[in-house]
Amino acid sequence: MMGNDGDDDAPLLLDAKAKRMRDLLSSFYAPNPSMPSHSHTDSSIHSSPDDINSSSFDPNHYMNILVNNSNLEGLLKRHVDMAAEIKNLDTDLQMLVYENYNKFISATDTIKRMKSNILGMEGNMEYLLDKSRSDSVNTSLFEKREHIEKLHRTCNLLRKVQFIYDLPDRLGKCIKSEAYADAVRFYTGAMPIFKAYGDSSFHDCKRASDEAIAIIVKNLEGKLFSDSEPIQVRAEAALLLKQLNFPVENLKAKLLERLEHSLKDSQLNPEEIKNASPSAHEVAIREFAEAIRSFRVIFPDSETQLVEIAKDLITRDFVITEEYVTTRICAADLLGVLRVIWNESLLMDEILQEEAVSNHFLEGAKAAVKLYVESAFSQLLLDISDCLLKVLKRDETEEHSLPVARDASTKLALQGGRNLLLEVCKILDDDSGIVDKLREPIIDWVQEGLQDFFRKLEDQFQSFSGKNNSSATQIHGLTEAAAFAGLVLVLAQLSAFIEQTAIPKINEELAVSFSAGSDRGYEYGPAFIPGDISRKFRSAGEKFLQQYINIRTQRISLLQKKRFATPKWIKHKEPREVHMFVDLFLQELKVIGNEVKQVLPQDTRKHRRSNASSASSKSNSFREEKLLLRSNTQRARSQLLETHLAKLFKQKVEIFTKVEYTQESVVTTIVKLCLKSLQEFVRLQTFNRSGFQQIQLDIQFLRTPLREIVEDEAAMDFLLDEVIVAATERCLDPIPLEAPILDKLIQAKLAKSSDQNTSPSS
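Here we summarise the structure given alongside this text.

The rules behind each value
Residues numbered from 1 in each chain as written. Predicted model: local features only at pLDDT ≥ 70, side-chain atom pairs only at ≥ 80, totals over all residues. Heavy atoms only, no water. Helix = DSSP H or I, 4+ residues; strand = E, 2+ residues; numbered from the N terminus. Buried < 20%, exposed > 50% of the residue type's maximum accessible area, 1.4 Å probe, protein only. Contact = heavy atoms within 4.5 Å. Areas by Shrake-Rupley, 256 points an atom, 1.4 Å probe, with all protein chains shown as cover. Axes fitted to C-alpha atoms, helices over the stretch in contact; angles between N-to-C directions. Parallel < 35°, antiparallel > 145°, perpendicular 65-115°, else oblique. Left-handed = near helix turned anticlockwise from the far one by under 90°. Core = buried A, V, L, I, M, F, W, Y, C linked by side-chain atoms within 4.5 Å. Phe/Tyr/Trp six-rings, centres within 6.5 Å; stacked < 30°, edge-to-face > 60°. Salt bridge = Lys/Arg side-chain N within 4 Å of Asp/Glu carboxyl O. Nonpolar A, V, L, I, M, F, W, Y, C, P; charged D, E, K, R; others polar. Patch = residues over 30% accessible without salt bridge, like charges linked within 9 Å, V, L, I, M, F, W, Y side chains within 5 Å.

The next point concerns the overall build of the protein chain. Secondary structure summary: the protein chain contains 26 helices and zero strands in total. With 762 residues in all, the protein chain has 40% of them scored as buried. Put simply, 79% of the contacts in the protein chain that link residues at least 6 apart link residues at least 24 apart. Looking at the protein chain as shown, the accessible area adds up to about 44,000 Å², and 55% of this sits on carbon and sulfur atoms.

In structure tokens:
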């Protein structure tokens, strides 16, 4: 039953909801909200306490009825419906408020418009009333007004005629008071009358006025060309001349010519900039800038000509700057000059109100900085070349010695390059805005300059070494052969230093300060390639070192050639002493040793010895004993066979190894080559017994001093033995000297050498 009652109450609830909405709308739109409508009053009279929409609603009574008539499910449903109804009512109420607010705003705007339209209506009505009265007055006074206007026109005409007759006097007074503007105004005002009646009625007035105007024009020209006059006065003079139809363009050309001529008085002097602040040039530029400012005011249409004059000023400054850059200046000096020119360009841009001059400055600064970098590298190359060429001078002063040349050139190659990079860094670090747009090009110029510098330096080394000619002696002459050999040795050491030390350190400097940014495309790669330069100098150093060895070896070969060409070995006399060739040979080796000690470092490693050193010594001593014990030809022939057999079984000795940049390596290589050359000269001769014994004596004497010179004793002993073997092969009767005789002759030579060494000191 209770369930059916809940279903029957649903339509009643819907009707109550609709009725409630109607009541709300009716109460909102009622003419007097304080008084309810009749329908609402009637409904409230007949409403019961359980009507939730009536004013007599009793919540307790309503809840009792609802609890008695509904089950739990009905109560829950009624709760949900009531919550939804409350939400809907709130939404409807908000919509009503919004809609009526918009209507209220629209009504307010309408009232304002109506009020503004009504305000002017009263004044218009009064104006119409007055207008109707003024028309009647105008009609009555029309004839008198026409007469008065006719009389006024006649009076004006008489005044103009009087003005024409008084014009010459007026112009004269203006000339005296320098009121040229009034004079021009009077004259231009009278020009229409003069054009019409100047040849008839007003001929005399026109002639007198023209004479006065000629004086005024002359005075205005003087003011225009006067530098002492203020800008406004000169500009006013030009304007007045234009009003008089004077050919101002001719005056403009003359003033431009004077302006260009004044540039000669403002010539840039870089040395003065360093010593004076502000310099005379800067003062002159300020005066020139004021002249341009005045000219621009006087001739506003002269912008193009003034820009070209300003550009010409900047161009002249950079011509002087480029000449200054080719001298030995530092980065601070260059920046000082650029800063002055930069300030000039900014001043001109400010006056001319455009950036044409500063853009022109950037072009000139780009050329000047590039020339500075190129000149710096050229000067460094020249310094290194001059330092090396001092070696060729014949005097033995300390200034031209090999160690000085080596130290100075290596210092220039490394420290000179680093100082150059440091100077360019000062340009990059400048914060005045001068080189802001040149940073990337400067980095490229430095890298390209380094690459080109080292290539030119390597070419210069090749030129100094005489590689482009047939031989060094043809270039420098035999008298300078020793100095030339020292130069080649310094070139070898310097090339090794550049390859091993200078290039890696300079490359580190580049990585720190000259790696950020570049104008070069990615496809072109870096401008400076240290690996390529290192390979060039490594190859050049090895060639120079070998060239030095060849020069010294060839000189000793000439001595050997003379030694073997002079006597007839087949008729040689019995040896009495060690031949003087040995002295000359040792003397040359001493010179070479002193030379390499001045240039090359010592080998800090332990001296290398051939593995066959002990075996070779034993073999040599055994063979010498054999040679001394046998005294007849038969035994000598047998001994020759034994020597060949010993060579077959003797451990192999490495004769020629790679030359290193050390004193020991170079001297040892020269000794080896000389002994090999000696062996070849011996093979070309035929000896008798005495000749063979002379060779034996000379070689035996050489063993002791050569051991003190060379680092590879085994190879040296081997080559000396080879000379003896070659002499044995080419001897008709190879009987050696006996040991006592050999020792006696050697001791005599040593005593004689000792006496010669001590005699100068005594």
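It is at 11 Å that the axes of helix α20 (residues 580-599) and helix α24 (residues 689-709) come closest, and there the two elements cross at 10°. Of the possible angle classes, the one that applies to α20 and α24 is roughly parallel. For α20 against α24, the interelement crossing comes out right-handed. Together, Val-582, Phe-585, Leu-586 and Leu-589 of α20 and Asp-698, Phe-701, Leu-702, Pro-705, Leu-706 and Ile-709 of α24 make up the contact between the two elements.

Looking now at the nonpolar core. The nonpolar side chains of a soluble globular protein tend to be buried, and buried together. Membership of the largest hydrophobic core comes to 170 residues, with the highest contact counts inside it found for Phe-454, Phe-461, Ile-498 and Leu-706. What Ile-498 contacts, discounting residues up to four positions off in sequence, is Ala-413, Phe-454, Leu-457, Phe-461, Ile-503, Pro-504 and Phe-537.

Per the counting criterion, the structure on display carries 12 aromatic pairs. Aromatic pair Phe-377 and Phe-453: ring centres 5.9 Å apart, planes at 35°, arrangement tilted. Of this pair, Phe-377 sits in helix α14 (residues 356-389) while Phe-453 is found in helix α16 (residues 439-464), placing the two residues 76 residues apart along the sequence. In terms of burial, Phe-377 and Phe-453 fall into one category: buried.

Turning our attention to the pattern of salt bridges. Enumeration according to the criterion identifies 24 salt bridges in this entry. The residue Asp-532 makes a salt bridge to Arg-455 at a minimum N-O spacing of 3.6 Å. You can see Asp-532 sitting in helix α19 (residues 530-565) and its partner Arg-455 sitting in helix α16, a full 77 residues away along the chain. Using a relative accessible area of 37% as the deciding quantity, one classes Arg-455 as partly exposed. Between Arg-563 and Asp-698 there is a salt bridge, and its shortest N-O distance comes to 3.7 Å. Placement of Arg-563 in helix α19 and of Asp-698 in helix α24 is noted, with a sequence separation of 135 residues between them. Like Asp-698, Arg-563 is buried. A network of salt bridges, in which partner residues are shared, links Arg-703, Arg-707, Asp-717 and Asp-721.

At a closest axis distance of 8 Å, the pairing of helix α13 (residues 331-352) and α14 adopts a crossing angle of 165°. Taken together, the axes of α13 and α14 lie roughly antiparallel to each other. As α13 packs across α14, the resulting crossing turns out to be right-handed. Note on element contacts: α14 touches α13 through Ala-356, Val-357, Ser-358, Phe-361, Ala-365, Val-369 and Tyr-372, opposite Ala-331, Leu-334, Leu-338, Ile-341, Trp-342, Ser-345, Met-348, Asp-349 and Leu-352. In the contact of α13 with α14, the residues fall into 13 nonpolar, two polar and one charged.

All right, on to unusual backbone geometry then. Even without a glycine there, the phi angle at Glu-178 is positive, about 55°. Within the fold, Glu-178 resides in the loop between α5 (121-177) and α6 (180-197).

Here the focus is the side chain of Ser-495. Within the fold, Ser-495 resides in helix α18 (residues 481-513). Beyond its immediate chain neighbours, meaning those up to four positions away, Ser-495 contacts Phe-461, Phe-537, Ala-540, Gly-541 and Phe-544.

Right, let's get into a nonpolar patch on the surface. A surface patch of nonpolar side chains, amounting to about 420 Å² of accessible area, comprises Leu-93, Met-95, Val-97 and Tyr-98. Among the residues examined, Met-95 registers a relative accessible area of 44% and is labelled partly exposed.

Checked against the element boundaries, Gln-460 lands in helix α16. Sequence spacing of Gln-460 and Leu-382 is 78 residues, and the spatial spacing of their C-alpha atoms is 9.9 Å.

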